[in-house]
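Structure at a glance
Spelled out, the chains give:
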Amino acid sequence: MREIRRPGAIARGWTREGILLGIVAGLLIAIALLTPKFLTATNLQITSRYLVEVGLVAIPMTMIILIRGIDISVGSIVALTTIVLGFSWSVYRIPMVAAIALALTVATLCGLLNGLAITRLRVPDLVVTLSTLAIYRGIAEGLGGGGRVYLYEDPIMRFLGEGQILGIPVGLWVFLPAVLIAGLVLDRTAWGRSLYAIGHNETAARFAGIRVDRIRLLVYTLSGLASGVSALFMAGRLGTARATAGLGLEFEVITAVVVGGTAISGGEGSIWGSFLGVVMVTALRNGLNLIGVPSPIQAMIIGALLILTVLVNENLRVRIRGWVRPATPVPAHEAEPAPAANPSPHERR
C-alpha cells in the first residue's frame, strides 16, 4: 500500500503568480482607499513612467538571478548612459539620434565588460558588479564634473519623457512587448529552459552540452542594454542628464524580481512574476509618497518587504515540493510480505 499526498493548492490552480496577483490587487485597492490621488489620470501617468524604468531592467535581472547571478551595477550604468547622452549632445553638438545610439552602445559595452570579467576571468559576479558599480559611477561623475545638462529643448527627449501614443505613455509601448517576448522566450524555448537548467545545476548543464558561459555573457550584456534604454526614459522624464541618475535603482529592481518569486538561489522564477513584482514595488513607493511617508521610512518598509518575501517564498517552495511529491513509501516493517513463487510442500499443507 502507498499513501498518496494530495496536491492541495496546486491542483486548484493556486500558482505563485496567482497568489501574487491577488496581493497586488489588494495593495492597489488599499492605496486607493488611503489616498484618492492614487487613481487620478495624472498620477497613473507618472507611476507608469517610473514603472517602465524599473521594469525594463527587471527583465534581464530575472534571467541573471535565474542562473544564480546578480548585477548591482545597473544604477551606475544608467548614470553613465545619461551623462554620455547629455554631454555628447550639448557639449560636442552631436545630433540627438547619434547621441542616443552612442549612449546605448556605451551601456551595452558596460554589460559586456561585466559578463567578460565573470566568464573569462572567473571573478564572482557579486565582486565584479560591486566593483563596476563604483567604476561606472566614478566615470559618470568625472565626465559630468558635478553638473547637469537640461534636455527639455530636444523634441525626441520630450517625446520619450512625456509623449503618448493612443493615450498610453511611450515607455509602455516598449516595456509591455518586451515583457511578453521575454516571458514567451523563457517559457517556450530551449534557450529559456537552459537558464533554468543552469540555475538548478550548472555542472550538470555543462555536461548536457549547454554553453553556460555564452548564455551568462549574453544575459549580462542584455542587462547593460536594458539599463541604457531605461536611462533614456529616465532622462526624458526628468529632463536632465546627471551623474546621480539611477541611485538606488538596483535595490528597487532586485526587490521587484525577488518579490515576484524569482529565487535568489536560482532556477525558479518567471518574467510574469517579476512584472507583478515591479507593479507592486512601484505602486507601493508611489502610495507611500502620496501618503507623505518620509523617504527613510519608505526604504525601511521596502527592505522589510524584501526580507518578508524571501521568507514567504522559501516556505512556499518547501510546501510546493511537499504537495507535488507523488508518493510516500510505507516503512519496510509495515509492508505486506510478497507470496512465495514456488511454495514448498510443507506450505501447501
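Bear in mind that the values here come from a model prediction, so they are computed numbers and not experimental data.

1. A look at the pattern of salt bridges
Enumeration according to the criterion identifies 6 salt bridges in this entry. Arg122 is the partner of Asp213 in a salt bridge, and the nearest nitrogen-oxygen pair spans 2.7 Å. Within this pair, whereas Asp213 is found in helix α10 (residues 212–238), its partner Arg122 is found in the loop between α4 (96–119) and α5 (125–144), the two being separated by 91 residues in sequence. Residue Asp213 is classed as buried on the basis of its relative accessible area of 16%. Through salt bridges with shared partners, a single network forms among Arg122, Glu202, Arg206, Asp213 and Arg216.

2. A word on the nonpolar core
Ranked by size, the top nonpolar core spans 87 residues in total, and within it Leu85, Met96, Leu151, Phe175 and Val253 carry the most contacts. At 12 residues, the largest contribution of residues to this core is made by helix α2 (residues 41–66). Apart from the residues lying within four places of it in its own chain, the contact partners of Leu151 are Leu85, Gly86, Trp89, Met96, Met157, Ala235, Gly239, Thr240 and Ala241.

3. As for empty space enclosed by the protein
Across all of its chains, the model carries 2 cavities of 30 Å³ or more by this definition. Around the largest cavity sit Arg49, Val52, Leu160, Gly161, Pro169, Val170, Gly171, Leu172 and Phe233, which together line it. When residues of the lining of the largest cavity are traced back to their parent elements, those giving at least two are α2, α6 (155–162) and α7 (170–188). It is α7 that provides the largest number of residues to the lining of the largest cavity, a total of 3 residues. Partitioned by chemical class, the residues of the lining of the largest cavity number 6 nonpolar, 2 polar and 1 charged. The computed volume of the second largest cavity comes to approximately 40 Å³. Of all the secondary-structure elements, those providing two or more residues to the lining of the second largest cavity are α2, α7 and α12 (271–291). With 4 residues, α12 is the largest single contributor of residues to the lining of the second largest cavity.

4. What about α12?
With 21 residues, α12 ought to run about 30 Å at 1.5 Å a step, and its terminal C-alpha atoms sit 30 Å apart, in line with that. Taking burial as the measure, the 21 residues of α12 include 16 buried ones, the bulk of the element. Positioned one or two residues after α12, Gly292 has a phi angle of 100 degrees, which is positive.

5. A closer look at α6
By the burial criterion, the buried members of α6 are Met157, Leu160 and Gly161. The arc that holds every buried residue of α6, seen down its axis, measures 90 degrees, which confines them to one face. Looking at the buried side of α6, the elements it contacts are α2, α3 (74–90), α4 and α10. By the N-cap criterion, in which a side-chain oxygen at the helix start approaches the backbone nitrogen of a residue two or three places on, α6 is capped by Asp154, the distance to Ile156 being 2.9 Å.

6. A closer look at the UniProt feature "transmembrane region" (unreviewed entry) in the chain
Here, the residues flagged by UniProt with the feature "transmembrane region" (unreviewed entry) are residues 20–38, 50–67, 74–92, 98–119, 126–145, 165–186, 217–239 and 297–316. Within residues 165–186, the helical portion is 77% and the strand portion 14%, while the C-alpha atoms at the span's ends are 29 Å from each other.

7. A short note on the layout of surface pockets
Quantified by volume, the largest pocket comes out at close to 490 Å³. What lines the largest pocket is a set of 22 residues, and nearest its centre among them are Tyr50, Arg237, Glu252, Arg285 and Asn289. For the lining of the largest pocket, the secondary-structure elements that each account for two or more residues are α2, α10, α11 (249–259), α12 and α13 (295–323). Counted by class, the lining of the largest pocket contains 8 nonpolar, 9 polar and 5 charged residues. If you add up the space inside the second largest pocket, you get close to 310 Å³.

8. As for the side chain of Thr240
Of note, Thr240 is situated in strand β4 (residues 240–242). Aside from chain neighbours lying at most four places away, what touches Thr240 is Arg148, Val149, Tyr150, Leu151 and Ala235.

9. Let's talk about the packing of α4 against α10
At their nearest, the axes of α4 and α10 sit 7 Å apart, and the two run at 150 degrees to each other. When the axes of α4 and α10 are compared, the pair comes out roughly antiparallel. In the crossing of α4 with α10, the sense of the turn from one axis to the other is right-handed. Of the residues in α10, those in contact with Ile100, Leu104, Ala107, Thr108, Gly111, Leu112, Asn114, Gly115, Leu116, Ile118 and Thr119 of α4 are Asp213, Arg216, Leu217, Tyr220, Thr221, Gly224, Leu225, Gly228, Val229 and Leu232. Considering only residue class, the contact of α4 with α10 consists of 11 nonpolar, 8 polar and 2 charged.

The rules behind these values
- Residues numbered from 1 in each chain as written.
- Predicted model: local features only at pLDDT ≥ 70, side-chain atom pairs only at ≥ 80, totals over all residues.
- Heavy atoms only, no water.
- Salt bridge = Lys/Arg side-chain N within 4 Å of Asp/Glu carboxyl O.
- Helix = DSSP H or I, 4+ residues; strand = E, 2+ residues; numbered from the N terminus.
- Buried < 20%, exposed > 50% of the residue type's maximum accessible area, 1.4 Å probe, protein only.
- Core = buried A, V, L, I, M, F, W, Y, C linked by side-chain atoms within 4.5 Å.
- Contact = heavy atoms within 4.5 Å.
- 1 Å grid on protein atoms, 1.4 Å probe; cavity = no way out; pocket = protein on both sides within 12 Å on 5 of 7 lines; lining within 4 Å.
- Points joined across faces, edges and corners; volume = space filled by probe spheres on them.
- Nonpolar A, V, L, I, M, F, W, Y, C, P; charged D, E, K, R; others polar.
- Expected span 1.5 Å × (residues − 1).
- Arc of directions from axis to C-beta.
- Polar contact = N/O pair within 3.5 Å; in protein donor to acceptor, adjacent residues only side chain to side chain.
- UniProt positions renumbered as here; feature names shortened; annotations may be inferred.
- Axes fitted to C-alpha atoms, helices over the stretch in contact; angles between N-to-C directions.
- Parallel < 35°, antiparallel > 145°, perpendicular 65-115°, else oblique.
- Left-handed = near helix turned anticlockwise from the far one by under 90°.

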